[in-house]
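Notes for the structure review
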Amino acid sequence: MIKTAIVLAIIGHILCGISDCLLSYSPRGRLNFKDISDQDKMSAMFADMPLSFPLASMIMGTFAITLFGFGYFALCFWMKEYSGTAANIMFIATVVFLVSIVVHHVLCGVVEWGYIRLGRTAEARTAMLELQKKTISTMAAGYAGWLTLLVTLFVMVVRGMTGLPAWGCVFNTAVIMLPIAPTKIPAKGNVAGAVMFIGLLFLV
């Protein structure tokens, strides 16, 4: 059962990575977040962006997060065998992570869709960025839950408190993110998440 959940998590992270790319790339290239402060550059970047991209991203992302949620919950139940406290921490962190991050993902899609739909004007940019800033707490809560979950998993594995070898701690999204963070790999969090679950598929 746990391996099935892990496979779903791998698929979910791959799909979520694709949905992230639908927001990050337009026919004119990759969105440079520094350009968000420049209305002319931002408008030019989204000039040929189909409205279907952010819409597809919202729908695909919600489905994808649901899929990889099975993997994270499976890890929580797996952890019960070794530590009820760690399992409970991971469970609560997973709930906070999944609920917050799906809301944040949808809001990112809404912001992008709204900016394009309203004509990519300076007024549209101001309104959409205001919406994003006022709802940024969803991102903060999501990443706080994500980090709590991953740190708990890392500590339990590296201290030899689970059935995994201590070196299995490398199959952790937070650890995998360290070498790829400076690269230009798209959807880094989802790439790292997929690699984590691929590794755990053979260890758990």
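Preceding this paragraph is the structure being described.
Residues numbered from 1 in each chain as written. Predicted model: local features only at pLDDT ≥ 70, side-chain atom pairs only at ≥ 80, totals over all residues. Heavy atoms only, no water.

This part takes up the layout of surface pockets. Approximately 1100 Å³ is the volume attributed to the largest pocket. Lining the largest pocket are 38 residues, with D20, F33, H104, C108 and Y143 sitting closest to its centre. Of all the secondary structure elements, the ones that give two or more residues to the lining of the largest pocket are α1 (2-24), α3 (52-79), α4 (84-117), α5 (122-134), α6 (137-158) and α8 (188-203). Broken down by element, the residue count for the lining of the largest pocket peaks at eight residues, all from α4. For the lining of the largest pocket, the per-class residue count stands at 25 nonpolar, seven polar and six charged. (1 Å grid on protein atoms, 1.4 Å probe; cavity = no way out; pocket = protein on both sides within 12 Å on 5 of 7 lines; lining within 4 Å. Points joined across faces, edges and corners; volume = space filled by probe spheres on them. Helix = DSSP H or I, 4+ residues; strand = E, 2+ residues; numbered from the N terminus. Nonpolar A, V, L, I, M, F, W, Y, C, P; charged D, E, K, R; others polar.)

Okay, the state of the cysteines next. Using the criterion set out here, one finds zero disulfides in the structure. Not engaged in a disulfide, the cysteine C16 finds its nearest cysteine sulfur in C21; these two sulfurs lie 10 Å apart. On the accessibility criterion, C16 (5% relative accessible area) is buried. Lacking any disulfide linkage, C169 is separated from the closest cysteine sulfur, that of C76, by 19 Å. (Disulfide = S-S within 2.5 Å. Buried < 20%, exposed > 50% of the residue type's maximum accessible area, 1.4 Å probe, protein only.)

Turning our attention to α5. Helix length check: α5, at 13 residues, gives a terminal C-alpha distance of 18 Å against a target of 18 Å (1.5 Å per residue), a fit within 8%. On the buried face of α5, the contacting elements are α2 (39-45) and α4. (Expected span 1.5 Å × (residues − 1). Contact = heavy atoms within 4.5 Å.)

So, about the packing of α4 against α5. In contact at an axis separation of 9 Å, α4 and α5 are set at 170° when each is read in the N-to-C sense. By the criterion of interaxial angle, the relationship of α4 to α5 is roughly antiparallel. Across the interface between the two elements, C108, V110, V111, G114 and Y115 from α4 touch A124, R125, M128, L131 and Q132 from α5. Considering only residue class, the contact of α4 with α5 consists of seven nonpolar, two polar and one charged. (Axes fitted to C-alpha atoms, helices over the stretch in contact; angles between N-to-C directions. Parallel < 35°, antiparallel > 145°, perpendicular 65-115°, else oblique.)

This brings us to unusual backbone geometry. Its identity is not glycine, yet R120 carries a phi of approximately 60°, on the positive side. Tracing the chain through its elements places R120 in the loop between α4 and α5. Unusually for a residue other than glycine, A187 sits at a positive phi of about 50°. Topologically, A187 is positioned in the loop between α7 (173-180) and α8.

Here we come to a nonpolar patch on the surface. Together, F77, F91, I92, V95, V96, V99 and V103 give the surface a local cluster of nonpolar side chains, amounting to about 570 Å² of exposed area. Examining the composition of the nonpolar patch, we find that six residues originate from one element, α4, more than from any other. Mapped onto the elements, F77 comes out in helix α3. (Patch = residues over 30% accessible without salt bridge, like charges linked within 9 Å, V, L, I, M, F, W, Y side chains within 5 Å. Areas by Shrake-Rupley, 256 points an atom, 1.4 Å probe, with all protein chains shown as cover. Salt bridge = Lys/Arg side-chain N within 4 Å of Asp/Glu carboxyl O.)

Per the counting criterion, the structure on display carries two salt bridges. Two residues, R28 and D48, come together in a salt bridge whose shortest N-O distance is 2.8 Å. Taken together, the residues span a long stretch of sequence, with R28 in the loop between β1 (25-26) and β2 (29-30) and D48 in the loop between α2 and α3 at a distance of 20 residues. The class for R28 is partly exposed, based on a relative accessible area of 48%. K134 is the salt-bridge partner of E130, the closest N and O atoms lying 2.8 Å from each other. Taken together, the residues span about one helical turn, with E130 and K134 both in helix α5 at a distance of four residues. Note on E130: relative accessible area 39%, which makes it partly exposed.

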